[in-house]
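Next come the chains, spelled out residue by residue.
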Amino acid sequence: MDRVGIVGPGRMGLAMVRHLIEAGFPVAATDIDAGQLARAGEAGARRFASAGELGRNVDYAIVAVGFDAETVAVTVGDDGLVGAMAPGSCIAICSTSSPETVRMVAERAAGRGIDVLDAPICRGRWAADEGTLLALAGGTDAVVERSRPVFETFCSDIAHLGPVGHGQFGKAMNNFLMWITGVGLIEAGRLAESFGADLVKLREALLISSARSATLEDWDRMTFTWALKDMQIVSQMADALGESMPLAGQIRETVKEARRIKASNPPDWTGEGAVPRD
């Protein structure tokens, strides 16, 4: 059984810690947030001061930080995982990053005999609590199979999409389509309110129609916290590949206002209050 480390036991990573410990894995954690690291310790994880220190004490490290720059810092930066972990170890990047970032990390890690799994996760924080996340995996067949016992503690589904980089691409497409739907639900909800429609009844009808979506089902739980970051990743990929994506550009700008609306006064599709619950 691999000794597993979590770099960034935040809202998602802390749930992973708990599921892994419940499954019997030896678990370690590190975080720049002392409060989150203390919570991981309370859950039963060994605590380390840095990614490098953690890396020297685990066989399998999961990166669950928020941004590309943080992913780079904890993997290939000073006192990062790549410089600390032993040959034969594995690093799984569960953060939402660009495909180029995870490919760079994988190349640097390969030079030290360390495998990388590109494995961003979907379905959100409630699925993390329930252990029903979806991992979109990019990597070799061997790395994916090695990773299954670890990921199956907090994921109900693992989709192997291709080599490293393809997991992040899949997550970007998932989020692109999700934010399109989210913006559409704000506009449709505003129009319905102006028309005088009963939003709850309309939602119930739409959920059994061709307009059904996970975004509509989970409207109260949905936030736009990471929407701009996600759309920037999509736009960067489109620019790099020379693809025209005018809708992506429009959604990238629209989610800025959508985040404010969703957090303050969104359409009340469910009749259970307008402000998202955490």
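These figures come from a predicted structure and were not determined experimentally.

Calculation rules
Residues numbered from 1 in each chain as written. Predicted model: local features only at pLDDT ≥ 70, side-chain atom pairs only at ≥ 80, totals over all residues. Heavy atoms only, no water. Helix = DSSP H or I, 4+ residues; strand = E, 2+ residues; numbered from the N terminus. Rg over C-alpha atoms; globule rule 2.2 N^0.38 Å. Buried < 20%, exposed > 50% of the residue type's maximum accessible area, 1.4 Å probe, protein only. Contact = heavy atoms within 4.5 Å. Areas by Shrake-Rupley, 256 points an atom, 1.4 Å probe, with all protein chains shown as cover. Lys, Arg positive; Asp, Glu negative; His and termini not counted. Charge placed at Lys NZ, Arg CZ, Asp CG, Glu CD. Pairing = 2+ DSSP bridges. Right-handed = clockwise from strand over helix to strand, strands pointing away. Phe/Tyr/Trp six-rings, centres within 6.5 Å; stacked < 30°, edge-to-face > 60°. 1 Å grid on protein atoms, 1.4 Å probe; cavity = no way out; pocket = protein on both sides within 12 Å on 5 of 7 lines; lining within 4 Å. Points joined across faces, edges and corners; volume = space filled by probe spheres on them. Arc of directions from axis to C-beta. Polar contact = N/O pair within 3.5 Å; in protein donor to acceptor, adjacent residues only side chain to side chain.

Participant: Even after reading the chapter, I still don't get the overall build of the protein chain, so can you show me in this structure?
Facilitator: Looking only at helices and strands, the protein chain features 13 helices and nine strands. In terms of C-alpha radius of gyration, the protein chain reaches 20 Å, essentially the compact-globule figure of 19 Å for 278 residues. Looking at the 278 residues of the protein chain, the share that counts as buried comes to 50%. Excluding contacts between residues fewer than 6 apart, the proportion of contacts in the protein chain whose partners are at least 24 apart in sequence is 68%. Carbon and sulfur atoms form 53% of the exposed surface of the protein chain, whose accessible area is close to 12,900 Å². In the protein chain, 27 side chains carry a positive charge and 36 a negative one; their mean positions are 3 Å apart.

Participant: Teacher, can you tell me more about the pairing of strand β1 (residues 4-7) here?
Facilitator: A regular strand places its side chains on the two faces of the sheet in alternate fashion. Residues Val4 and Ile6 line one face of β1 and the alternating positions Gly5 and Val7 line the opposite face, and both faces are buried. Across four bridges, β1 lies against strand β2 (residues 27-30) in parallel orientation. The residue bridging glycine 5 from the neighbouring strand is alanine 28, located in β2. Note on the crossover from β1 through helix α1 (residues 11-22) to β2: the handedness is right-handed. In this sheet, strand β4 (residues 60-63) lies alongside β1 in parallel orientation, the contact comprising four bridges. Bridging across to β4, valine 7 finds its partner in valine 63.

Participant: Would you take a moment to explain the packing of aromatic side chains for this structure?
Facilitator: The geometry of an aromatic ring pair is captured by two quantities: the separation of the ring centres and the angle between the planes. Counted under the stated rule, the structure contains three aromatic pairs. Relative to tryptophan 226, the ring of phenylalanine 67 has its centre 5.1 Å away and its plane inclined at 55 degrees; by these criteria the two rings are tilted. Taken together, the residues span a long stretch of sequence, with phenylalanine 67 in the loop between β4 and α4 (68-76) and tryptophan 226 in the loop between α11 (214-217) and α12 (227-241) at a distance of 159 residues. Classification of tryptophan 226 as partly exposed rests on a relative accessible area of 40%. Taking 4.9 Å as the distance between ring centres and 35 degrees as the angle between the ring planes, the aromatic pair formed by tryptophan 179 and phenylalanine 224 counts as tilted. Taken together, the residues tryptophan 179 in helix α9 (residues 166-195) and phenylalanine 224 in the loop between α11 and α12 connect sequence positions 45 residues apart. Assessed through its relative accessible area of 3%, tryptophan 179 is described here as buried. Owing to a relative accessible area of 2%, phenylalanine 224 belongs among the buried residues under this scheme.

Participant: It is not clear to me how empty space enclosed by the protein should be interpreted in this structure. Could you clarify?
Facilitator: Rolled over the atoms, a probe sized like a water molecule indicates the empty space that remains. Scanning the entire structure with this criterion turns up one cavity of 30 Å³ or more. As a volume, the largest cavity reaches approximately 40 Å³. In terms of lining, the largest cavity is formed by Leu117, Ala119, Ala135, Ala137, Val144, Ser147, Arg148, Phe151 and Ile158. Contributions of two or more residues to the lining of the largest cavity are made by β8 (133-138) and α8 (141-151). It is α8 that contributes the most residues to the lining of the largest cavity, four residues altogether.

Participant: Any chance you could explain helix α2 (residues 34-43) here in plain terms?
Facilitator: Because an α-helix packs 3.6 residues into every turn, residues spaced three or four apart end up facing the same way. Turning to α2, its buried residues are Gln36, Leu37 and Ala40. Along α2, the residues classed as buried sweep out an arc of 100 degrees about the axis, all on the same side. Turned more than 90 degrees off the buried face of α2, the exposed positions are Ala34 and Glu42. Buried residues along α2 sit against α1, β2 and β3 (46-47). Put simply, aspartate 33 is the residue that caps the front of α2, since its side-chain oxygen is 2.8 Å from the backbone nitrogen of glycine 35. Looking one or two places after α2, you find glycine 44, whose phi comes out positive at around 120 degrees.

So yeah, pure geometry; function would need other evidence.
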